[in-house]
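Fold and contact review
One letter stands for each residue in the lines below.
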There are 2 protein chains.
Amino acid sequence: MKISILSIGNEILKGTIVNSNTAIIGKEFLKLGITPSFQATVNDDKNDIIGILNYITSISDVIIITGGLGPTTDDLTVKTIADFFNLKLYKDNSVVENIRKRLQHRAIDKAKDVIVSKQNLKQAYVPEGCEVLQNANGTAPGIFIKVDNKRIFLLPGPPFEMKPMLIEKVIPEINSCIKEKIYFEILTTVGIGESDLQAKIDKISGENKDIEFAYRAIPGTCELTIYGKNKNTVQNEADKIRKILGLSVLNKMFNNLIEEVAYYLNKRRLSLSTAESCTGGMIASKITDLPGVSNFFKGGAVVYSNELKTNLLGVKPETLDKFGAVSQECAEEMINGLCKNLKSETGIAITGIAGPDGGTDDKPVGLVYIAVKVTDKLIVKKIIFSGNRNIIRIRTVYSALDILRRMLIEN
Amino acid sequence: MKISILSIGNEILKGTIVNSNTAIIGKEFLKLGITPSFQATVNDDKNDIIGILNYITSISDVIIITGGLGPTTDDLTVKTIADFFNLKLYKDNSVVENIRKRLQHRAIDKAKDVIVSKQNLKQAYVPEGCEVLQNANGTAPGIFIKVDNKRIFLLPGPPFEMKPMLIEKVIPEINSCIKEKIYFEILTTVGIGESDLQAKIDKISGENKDIEFAYRAIPGTCELTIYGKNKNTVQNEADKIRKILGLSVLNKMFNNLIEEVAYYLNKRRLSLSTAESCTGGMIASKITDLPGVSNFFKGGAVVYSNELKTNLLGVKPETLDKFGAVSQECAEEMINGLCKNLKSETGIAITGIAGPDGGTDDKPVGLVYIAVKVTDKLIVKKIIFSGNRNIIRIRTVYSALDILRRMLIEN
């Protein structure tokens, strides 16, 4: 089965938005073990759309078209596509009703009936014989057409409108046509780079021709998808990899590092606080991305200046003078002062040089001391990270959270 | 002049990476006032590449091909494209030398001469008659071919390798072919949503048919590009818009909000610190994204728990009892305690409900108090933000920094 994606919209070609829909669609199909073989982007222009439709219909069984369904006069997609397949448009009353509901929901004065404008009404015209996919998050309906032995899906452009239709309609429809079912399992790894992970997986599973792998690097973590035609084979291989990689794989129960850290802190009823110099609040910010952390997270100090390292954490001026702010000694005083002053049972303290300036031969840009305390256990790690300021800071955040996670699991 | 982009690589179609190159290319062309009319993505497969080349050559004067130039056996792009245009490949010695240098640079033992592998040597084969674009950041050379009255650029896939070649070679080459030069000016706005901005611009400049606009929303800010064929017209319109929008437009000198805030704090030799509850360190983290802020930024407190609001900032327990943590009174005590305890001349304090839980009828999710102090001037703003937890937090960060910026400029 050949799948193509057609993205319609001037914004993508102008570079004002990044085409994230293609990645979203690709990832969902990967779970079925299929990869789209073609993707194209054209402006919302009749001739451009017809041109690429001629090509795309010649190479595809399934065509997923995103964008071009808005209410403005520029949006010619539905009419052009219906004409291309010789389908007439009709006004669908269920769509009119959905549009009215959506507009009413958005209205400032909810008691007053909204009027559906002529522009919006245009969105209710759909090709005859199609299946309408109602839009829970916008006014443009999705459209599913079976024509000339092909399946064609028209989906709205905004990802939060597109994705629900993709998952609820497109993926099940395609899944039902796949003769050979593909099984998959996803492992999220942490503390191991993508190329190192690939090398390890090659060594563990390189001989197994019944499974395939896909890698997706996300800052600080890597998502490994294992897929194959036999459920048990995939399952067994996943278990084997999980066992060998050990703590480098997040527990299945959790979507990310913070969720796993939160689980253990809550389970053990331990409080957490943070003291950050070069990361300047990024760790605290990352932890509080997750709702509900007030159960264990007290907060902390951003001690960018030496003055605050002393004032808030009690780091001795002599220590700063003798060893400098970026030192094992300072990191230790920071974590001990933090846990003591804030009455916290666990803590993370960071001091380092994120650059681009401030590095020396002895203490280069990228040098970071990560101190983590869990009750009476204390670890201070010295790491030299590579990358620019932003990458050094991000790597520090994930390394620190991973050290805490491992200490919580192991102790 | 019709410009098309061809992206080659399985990772984009698998969804493991987002196609950011298309956006980078689109944005650079927008500065010349041109928009690519077509973009396609194919796997690194000979037949797929030939299929789309047949289509793309029929509609384009300029073709920019990215990706597929790596050293692995999968990368068939150069050979396939050379065959398509009936060009022979030859080994280019300047490329061999560049590859050797790059590998030497990456080697662990820099004293020992590296051996250029057969795989890497493959990258030195380029089509006859082409211009080689040396790669300062990788081993794959860029290639520029003029054939059949078309300009074809082959650029490496990684954005940091692609972008320098785009800016140094592709853009000047295309610019020199443009008969009618386009002028542009970019305004960065803050504190005004994209659709409100569009409505305002329509009102200010809707009648002016000699200029066009492009909008790009970036969290908290919006980038407005004004372009037209006459330099004075563009300049005058930009000045007019700048004047009407006033403080909603960042000063030309700065790339972002933090840079402008940093400029005024440095100029006036004022220190800054932060106290964050629901934003949990995001403001401090945003400020420290910019290098060199230690001149004015002391750091601050992440006071996620009420205990720390009292312990670090001296918020009275009675205030928390009587008015709650999310109140005008608490915000005022937070900012006053912050500036006093940390001996800071300016400060930002945040308390709010980012959700999804914790909202009540009186104090809904999205309610945030932003307190900003500049020497003896204090402002506390109550705002109810819409959106999910992440969006509420981001909007709070930018609003707070914008309030500080306006106070620094106005006072």
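For every chain, the first residue of the written sequence is number 1, and numbering continues from 1 along that sequence. To label them, take the chains in the order written and letter them from A, then take the ligands in the order written and number them from 1. Thresholds applied to this predicted model are a pLDDT of at least 70 for local features of residues and 80 or more for the giving and counting of side-chain atom pairs; totals over whole chains, interfaces and linings are not thresholded and use all residues. Heavy atoms from the whole structure form the basis of all side-chain values; hydrogens and water molecules are not counted.

Digging into the side chain of B:Thr57
Residues and elements named next belong to chain B.
- For the purposes of this entry, the term helix denotes a DSSP run of H or I that reaches at least four residues, the term strand denotes a run of E that reaches at least two, and both are numbered from the N terminus. Positionally, threonine 57 belongs in helix 3 (residues 46-59).
- A simple rule labels every residue: compare its accessible area, found with a 1.4 Å probe on the protein chains alone, to the largest value its type can have, and call it buried under 20%, exposed over 50%, or partly exposed in between. The buried category is assigned to threonine 57, whose relative accessible area is 15%.
- Within the structure, threonine 57 has its side chain in polar contact with the backbone oxygen of leucine 53 (distance 2.7 Å).
- Residues contacting threonine 57, with those up to four places away along its chain left out, are Ile63, Phe84, Phe85 and Lys150. Pairing of N or O atoms within 3.5 Å defines a polar contact, subject to two protein rules: one partner must be a possible hydrogen donor and the other a possible acceptor, and residues neighboring in sequence count only if both atoms are side-chain atoms. Any two residues whose heavy atoms approach within 4.5 Å at even a single point are treated as in contact.

Considering the packing of helix 12 (residues 306-313) of chain B against helix 14 (residues 328-341) of chain B
Residues and elements named next belong to chain B.
- Running from N to C, helix 12 and helix 14 point in directions that differ by 40°, and their axes come no closer than 9 Å. Judged on the interaxial angle alone, helix 14 and helix 12 are oblique. Contacts between helix 12 and helix 14 pair Lys309, Leu312 and Leu313 from the former with Cys330, Glu333, Met334, Gly337, Leu338 and Asn341 from the latter.
- Residue composition of the contact of helix 12 with helix 14, grouped by class: 5 nonpolar, 2 polar and 2 charged. Convention adopted: a line fitted to C-alpha atoms gives each axis, helices being fitted over their contacting stretch, and angles between N-to-C directions are expressed from 0 to 180 degrees. Any angle between 65 and 115 degrees counts as roughly perpendicular, while under 35 counts as roughly parallel, over 145 as roughly antiparallel, and the rest as oblique. Amino acid classes used here: Ala, Val, Leu, Ile, Met, Phe, Trp, Tyr, Cys and Pro are nonpolar; Asp, Glu, Lys and Arg are charged; the rest, including Gly, are polar.

Some thoughts on the sheet that holds strand 11 (residues 221-228) of chain A
Residues and elements named next belong to chain A.
- Overall, antiparallel pairing links the 3 strands, which are arranged 9-11-10 in an open sheet. If you trace the sheet from one side to the other, it starts and ends with strand 9 (183-190) and strand 10 (211-218), each paired once. With strand direction ignored, the average angle separating the axes of adjacent strands in the sheet is 20°.
- Two strands form a pair only when DSSP identifies at least two bridges running between them. Taken together, the 8 bridges between strand 9 and strand 11 define a ladder with antiparallel strand orientation.

Things to note about the packing of aromatic side chains
- Note on aromatic contacts: the rings of Phe and Tyr and the six-membered ring of Trp form a pair at centre separations within 6.5 Å, being stacked when their planes are under 30 degrees apart, edge-to-face when over 60 apart, and tilted otherwise. In total, this model carries 13 aromatic pairs over all chains according to the counting rule given.
- Cluster of aromatic residues (ring-pair linked, three or more members): A:Phe38, A:Tyr55, B:Phe38 and B:Tyr55.

Things to note about the environment of A:Arg151
All names here are of chain A.
- One can find arginine 151 in strand 8 (residues 150-155).
- On the basis of relative accessible area, arginine 151 is assigned to the partly exposed category, the value being 22%.
- As a C-alpha pair, arginine 151 and asparagine 98 span 53 residues in sequence and 24 Å in three-dimensional space.
- Those residues in contact with arginine 151 that lie beyond four places of it in its chain are Asp61, Val62, Ile63, Phe144, Ile145, Lys146, Glu173 and Cys177.

Overview of the relation of the copies chain A and chain B
- Of the transformation placing chain A onto chain B, the axial shift is 0.0 Å and the rotation is 180°, giving an RMSD of 0.2 Å. Both chain copies can therefore be described as sitting about a two-fold axis.
- Residue by residue, 100% of the interface of chain A is reproduced at the interface of chain B, so both copies engage with the same surface. We place the copies in one frame by least squares, fitting the C-alpha atoms of every residue whose pLDDT is at least 70 in both.

Some words on empty space enclosed by the protein
- Lining residues are those with an atom within 4 Å of a point, where the points come from a 1 Å grid over the protein atoms alone and group into cavities, where a 1.4 Å probe fits but cannot get out, or pockets, open sets with protein on both sides within 12 Å along at least five of seven lines. Grid points are joined across faces, edges and corners, and a volume is the space filled by probe spheres set on the points. For the structure shown, the criterion picks out 1 cavity of 30 Å³ or more.
- If you add up the space inside the largest cavity, you get close to 70 Å³.
- If you go around the largest cavity, you meet 13 residues; those closest to its centre are A:Asn19, A:Thr22, A:Gln39, B:Ile12 and B:Asn19.
- Sorting the residues of the lining of the largest cavity by element identifies helix 2 (20-30) and strand 2 (38-42) of chain A together with strand 2 (38-42) of chain B as the ones contributing at least two each.
- Of the residues contributing to the lining of the largest cavity, the split by class is 5 nonpolar, 8 polar and no charged.

Re the sheet that holds strand 13 (residues 297-302) of chain A
- Reading across from one edge, 16(A)-15(A)-14(A)-12(A)-13(A)-13(B)-12(B)-14(B)-15(B)-16(B) is the order of the 10 strands in this open sheet, with mixed pairing throughout. Of all strands in the sheet, those bounded by a partner on one side alone are strand 16 (377-384) of chain A together with strand 16 (377-384) of chain B. Going across the sheet, the axis of each strand differs from the next one's by a mean of 10°, ignoring polarity.
- For strand 15 (residues 367-374) of chain A and strand 16 of chain A, the ladder comprises 8 bridges, and the chain directions are antiparallel. Bridging from a neighbouring strand, A:Lys373 pairs with A:Leu378 of strand 16 of chain A.
- Sitting on the sheet, helix 12 (residues 306-313) of chain A touches strand 12 (272-276), strand 13 and strand 14 (346-352) of chain A together with strand 13 (297-302) of chain B, and the angle it makes with strand 13 of chain B is about 30°.

A few points about the confidence of the model for chain A
- With 98% of its residues at a pLDDT of at least 70, chain A reaches an overall mean of 91.
- In the predicted complex, the global pTM is 0.80; the interface-specific ipTM is 0.80. Per residue, pLDDT captures the predictor's confidence, and it can take any value from 0 to 100.

What about the nonpolar core?
- In these notes, a set of buried Ala, Val, Leu, Ile, Met, Phe, Trp, Tyr and Cys residues joined through side-chain atoms within 4.5 Å is what counts as a nonpolar core. Among the nonpolar cores identified, the biggest contains 76 residues, and A:Ile287, A:Phe297, A:Ile348, B:Ile287, B:Phe297 and B:Ile348 are the most heavily contacted of them.
- Those residues in contact with A:Phe297 that lie beyond four places of it in its chain are A:Leu272, A:Ser273, A:Thr274, A:Ala284, A:Ile287, A:Thr288, B:Val302 and B:Tyr304.
- In terms of nonpolar packing, the next biggest core, distinct from the first, is built from 66 residues, A:Ala82, A:Leu103, A:Val132 and B:Ile8 among them.

Some words on the packing of helix 3 (residues 46-59) of chain A against helix 4 (residues 77-84) of chain A
All names here are of chain A.
- Axis separation between helix 3 and helix 4 bottoms out at 10 Å; the angle between their running directions is 45°. Looking at the two axes, helix 3 sits oblique to helix 4. Here helix 3 runs over helix 4; the crossing is right-handed. Where helix 3 abuts helix 4, its residues Lys46, Ile49, Ile50, Leu53, Asn54 and Thr57 lie against Thr77, Thr80, Ile81 and Phe84.
- Residue classes in the contact of helix 3 with helix 4 are distributed as 5 nonpolar, 4 polar and 1 charged. Crossings are assigned a handedness: left-handed for a near helix turned anticlockwise from the far helix by less than a right angle, right-handed for a clockwise turn.

Points about the interface of chain A and chain B
- Contact with chain A, which involves 62 residues of that partner, is made by 62 residues of chain B.
- A side-chain nitrogen of Lys or Arg and a carboxyl oxygen of Asp or Glu constitute a salt bridge if their distance falls within 4 Å. Our count for the contact surface shared by chain A and chain B stands at 4 salt bridges.
- When the shortest N-O distance is used, the salt bridge between A:Glu307 and B:Lys298 registers 2.8 Å.
- Seen at the junction of chain A and chain B, the total is 30 residue pairs in polar contact (both at pLDDT 80 or more).
- For the side of chain A that touches chain B, the leading source of residues is strand 13 of chain A, giving 6 residues.
- The residue inventory of the side of chain A that touches chain B, partitioned by class, reads 28 nonpolar, 23 polar and 11 charged.
- Both strand 2 of chain A and strand 2 of chain B contribute to a ladder of 5 bridges, which runs antiparallel. Note on strand 2 of chain B: the bridge partner recorded for A:Ala40 is B:Ala40.

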